[in-house]
There are 2 protein chains.
Amino acid sequence: MDKRAIGVFDSGLGGLTAVKELRRIAPQENIVYFGDTARVPYGSRGPETILKYAWQDACFLMEQNIKYLIAACGTVSSHVDETFRAHLDVPFCDVIGPASLAAAKGTKTGRIGLIATAASIRSGAYDRALAAIDPSLQVLPKACPLFVPLVEQGLFQKDCEITRLTVEMYLAPLKQQKIDTLILGCTHYPLLAPLIDEFFEGQVLLIDSGRQAVDTAVGDIAALGLSGDGKGESTYFVSDDMDSFVRNAGLFLGAPVDGTVHEIDIEQFEGVKVWKKRS
Amino acid sequence: MDKRAIGVFDSGLGGLTAVKELRRIAPQENIVYFGDTARVPYGSRGPETILKYAWQDACFLMEQNIKYLIAACGTVSSHVDETFRAHLDVPFCDVIGPASLAAAKGTKTGRIGLIATAASIRSGAYDRALAAIDPSLQVLPKACPLFVPLVEQGLFQKDCEITRLTVEMYLAPLKQQKIDTLILGCTHYPLLAPLIDEFFEGQVLLIDSGRQAVDTAVGDIAALGLSGDGKGESTYFVSDDMDSFVRNAGLFLGAPVDGTVHEIDIEQFEGVKVWKKRS
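Description of the structure in this document. What you see as residue numbers is a count from 1 along each chain, following the sequence as written. Written order decides the labels, with chains lettered from A and ligands numbered from 1. Predicted model: local features are reported for residues with pLDDT of at least 70 only, side-chain atom pairs are reported and counted for 80 or more only, and whole-chain, interface and lining totals are derived from all residues. Note: side-chain values were computed over all heavy atoms of the structure, leaving out hydrogens and water.

1. Brief notes about the overall build of chain A
Here is step 1: Secondary structure counts use DSSP, requiring at least four H or I residues in a row for a helix and at least two E residues in a row for a strand, with both numbered from the N terminus. Secondary structure summary: chain A contains 13 helices and ten strands in total.
Here is step 2: Taking 279 residues into account, the globule formula puts the C-alpha radius of gyration at 19 Å, and chain A, at 18 Å, falls close to it.
Here is step 3: Each principal axis of the C-alpha atoms in chain A carries an extent, and together these give about 50 × 40 × 35 Å.
Here is step 4: The buried label goes to any residue with under 20% of its type's maximum accessible area, the exposed label to any with over 50%, and the partly exposed label to all in between, with areas taken from a 1.4 Å probe on protein chains only. A buried classification covers 61% of the 279 residues belonging to chain A.
Here is step 5: Only heavy atoms enter the contact rule, under which two residues are in contact if any of them lie within 4.5 Å. Put simply, 78% of the contacts in chain A that link residues at least 6 apart link residues at least 24 apart.
Here is step 6: Side chains of chain A give 27 positive and 35 negative charges; the mean places of these two sets differ by 3 Å. When we talk radius of gyration, it's over C-alpha atoms, and the globule rule is simply 2.2 Å times the number of residues to the 0.38. Just so you know, the count uses Lys and Arg for positive and Asp and Glu for negative, and it drops His and the chain ends. Taken as the charge location is NZ of Lys, CZ of Arg, CG of Asp or CD of Glu.

2. A short note on the interface of chain A and chain B
Interfaces are frequently sized by the accessible area removed from exposure as the parts join.
Here is step 1: Taken together, the contact pairs 30 residues of chain A with 30 residues of chain B.
Here is step 2: Reported buried area values correspond to the accessible surface (1.4 Å probe) lost by two parts on association, with both partners' losses combined. Carbon and sulfur atoms make up 52% of the area that chain A and chain B hide from each other, which totals about 2,200 Å².
Here is step 3: On the chain A side of the interface with chain B, the three residues burying the most area are Leu146(A), Ile162(A) and Glu267(A), jointly 23% of the side's total.
Here is step 4: For this analysis, a salt bridge means a side-chain nitrogen from Lys or Arg found within 4 Å of a carboxyl oxygen belonging to Asp or Glu. Viewed at the interface, chain B and chain A are joined by two salt bridges.
Here is step 5: Between Asp265(A) and Lys52(B) there is a salt bridge, with its nearest N and O atoms 3.8 Å apart.
Here is step 6: Polar contacts, as counted here, are pairs of nitrogen or oxygen atoms within 3.5 Å of one another; within protein the pair requires one atom able to donate a hydrogen and one able to accept it, and residues that are adjacent in sequence qualify only if both atoms are side-chain atoms. Remark: the boundary between chain A and chain B carries ten residue pairs in polar contact (both at pLDDT 80 or more).
Here is step 7: Listing elements by their share of the side of chain A that touches chain B, those giving two or more residues are helix H2 (47–62), helix H8 (147–152) and helix H9 (161–176) of chain A.
Here is step 8: Charged means Asp, Glu, Lys or Arg here, nonpolar means Ala, Val, Leu, Ile, Met, Phe, Trp, Tyr, Cys or Pro, and polar covers whatever is left, Gly included. Residue composition of the side of chain A that touches chain B, by class: twelve nonpolar, seven polar and eleven charged.

3. Remarks on the relation of the copies chain A and chain B
Here is step 1: Turning chain A through 180 degrees and shifting it by 0.0 Å along the axis lays it on chain B, with an RMSD of 0.0 Å. In short, the pair behaves as if placed about a two-fold rotation axis.
Here is step 2: A share of 100% of interface residues in chain A that are also interface residues in chain B marks the association as one of identical surfaces. Residues below a pLDDT of 70 in either copy are left out; the C-alpha atoms of the rest, at least 70 in both, set the least-squares superposition of the copies.

4. Concerning the pattern of salt bridges
Here is step 1: Scanning the entire structure with this criterion turns up 30 salt bridges over all chains.
Here is step 2: Ionic contacts of the salt-bridge type, sharing partners, join the residues Glu21(A), Arg24(A) and Arg211(A) into one network.

5. Re the sheet that holds strand E1 (residues 5–10) of chain B
Residue and element names in this part refer to chain B.
Here is step 1: Think of it this way: DSSP has to see at least two bridges between two strands before they count as a pair. Read from one edge to the other, the open sheet built from six strands follows the order E4-E3-E1-E2-E9-E10, with strand pairing classed as parallel. The open sheet has two edge strands, strand E4 (92–93) and strand E10 (260–263), and neither has a second partner.
Here is step 2: Across five bridges, the pairing between strand E2 (residues 31–35) and strand E9 (residues 234–238) is parallel. Bridged to Ile31 within E9 is Ser234.
Here is step 3: Helix H1 (residues 16–25) contacts E1, E2, strand E3 (66–71) and E9 of the sheet and is inclined by roughly 170 degrees relative to E2.
Here is step 4: Note on definitions: angles span 0 to 180 degrees between N-to-C directions of axes, and those axes are lines fitted to C-alpha atoms, for helices only across the stretch in contact. Here helix H12 (residues 242–253) sits on the sheet and contacts E2, E9 and E10; the angle it forms with E10, its principal contact strand, is near 130 degrees.

6. Digging into the sheet that holds strand E8 (residues 205–208) of chain A
In a beta sheet, neighbouring strands are held together by backbone hydrogen bonds and run either parallel or antiparallel to one another.
Residue and element names in this part refer to chain A.
Here is step 1: Read across the sheet, four strands follow the order E6-E5-E7-E8 without closing on themselves; strand pairing throughout is parallel. This sheet does not close on itself; its edge strands, each paired only once, are strand E6 (138–143) and E8. Ignoring strand direction, the axes of neighbouring strands in this sheet form an average angle of 25 degrees.
Here is step 2: Pairing geometry for strand E7 (residues 181–184) and E8, over four bridges, is parallel. Bridge assignment links Leu182 to a residue of E8, and that residue is Leu206.

7. Some remarks on the packing of aromatic side chains
Here is step 1: The pairing test for Phe, Tyr and Trp rings, Trp by its six-membered ring, is centres within 6.5 Å, and the orientation test on the planes gives stacked under 30 degrees, edge-to-face over 60, and tilted for anything in between. For the structure shown, the criterion picks out 20 aromatic pairs over all chains.
Here is step 2: With a centroid separation of 5.7 Å and an interplanar angle of 50 degrees, the aromatic rings of Tyr236(A) and Phe245(A) are classed as tilted.
Here is step 3: Using a relative accessible area of 0% as the deciding quantity, one classes Tyr236(A) as buried.
Here is step 4: Here the aromatic residues Tyr33(A), Tyr236(A) and Phe245(A) are joined through ring pairs into a cluster of three or more.
Here is step 5: Should the NZ of a Lys or the CZ of an Arg lie within 6 Å of a ring centre and within 35 degrees of the ring normal, that charge is described as sitting over the ring. A cation sits over an aromatic face here: Lys175(A) above Phe199(A), 4.0 Å from the ring centre.
Here is step 6: Of note, Arg39(B) hangs over the ring of Tyr53(B), and the distance from its end group to the ring centre comes to 3.7 Å.

8. Notes on the packing of H1(B) against helix H11 (residues 209–223) of chain B
Residues and elements named next belong to chain B.
Here is step 1: Two numbers describe how H1 lies on H11: the axes approach to 9 Å, and their chain directions differ by 40 degrees. The orientation of H1 relative to H11 falls into the category oblique. Here H1 and H11 pass one another in a crossing that is right-handed. Two secondary-structure elements touch here, H1 through Ala18, Glu21, Leu22 and Ile25 and H11 through Gly210, Arg211, Val214, Asp215 and Val218. The labels follow the angle: roughly parallel below 35 degrees, roughly antiparallel above 145, roughly perpendicular from 65 to 115, and oblique for the rest. Left-handed describes a crossing in which the near helix is turned anticlockwise from the far one by less than a right angle; the clockwise case is right-handed.

Listed below in structure tokens is the structure:
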């Protein structure tokens, strides 16, 4: 039994949908979460910036004595490369592999839609992962840059006309392309799942990429003999205003914040130097 | 005659609406623009983060041999304090004073609406500036966090139903409160002016805060004997992907980017140390 926490990070609050799932399927695990609220959103940044931020985030969490690291951020997951993975001190999973596998298993027609940030789509990470599983799968991508701000403003109720129209604007081309499976490639998007499901009239399988990553992580942890029997405590770190985090986190967790919250200065973090030295 | 450039900065692209205006009224002036595209948006950050970023931005531009500095960013303008101003090496103006003066002059009923980012509203900067001009003025504020992403996605055409509904959602309370003047407290918002004007049926005076700041700056420059007779060249610096800047800047400039574009790493910038030493 290993009481060390599982580290989870995201560019902001979206990764909390993965924390919610982790709480549900592994309630005995301690969790340390880092949300880079001072630098969110990553999805509109260039590849080098995203990779630098991701490395700082990972280094910070590795200093918190974690046993496993989850990148619960579609944009980070689309950009981490072999160099990044090779330099980590703990086992790691991101959302790409698990979500791709679930989509490949779930599709019947081989026509898989992908919604994500512009940076995630541009990276081609899902295309590569799905092609590696089955080269005959077709990936039909659509960047949805307004979904994150809409969710962060709490506008995801089924009766919200603004969000309904935005869902229609982004997803109409995918409906026309007759997808039967849709990867929600950003951890903010599960909050829009009811509206998305309604748009597709329940005919498209929705893959929650954060949930898939958590399932994979919990399996890995068991296989590695690292499972915990802790109290299931959560500690949250953010890089900007704590009050704003506490106010909004409940939307994603589905319950009020249940642990301590700390503010850190991620930019001053030494991880940058380590990365430069190592690479 | 002073050939040195006017420095203009913003958290991202919004400040380019001020550059457009500066081009129009002072075509002989050289301009150096910095858009902090790697860290946009500032509007959801905490006050300390915003002030730190603003100081880095200002220090970078002061190293470009400028003769005057304009903060063409509502959020920065709401957070710069006397310490910040005291440490600048060049004359400076932000959007708060000029926009407040224009609103105070323009209102007949004294009921002034203010739309801006959440951080700008929270700062109370406009309330203080308007109260200093005339304590009887009433400021009716509304944070509009979705306006920036909508504008950045190019969704500001008059026939865009999503944006029309968002305008209605945010501005209905101000209409009910019977404002006669509205400060557009974010330099992204002028692109939404036609939709906002339509919502108010042309009955509300719209104050473009970036345009007011530019008018003030050009007046200051003339009064200080710093006017230029240059070729009106523009140089743009951004902190993230240049291609994305070039793709989107035209929306704000109303024309394709007309100068050279450079990418810099603003976080590594020494300004931070200077600020710490000086404060």
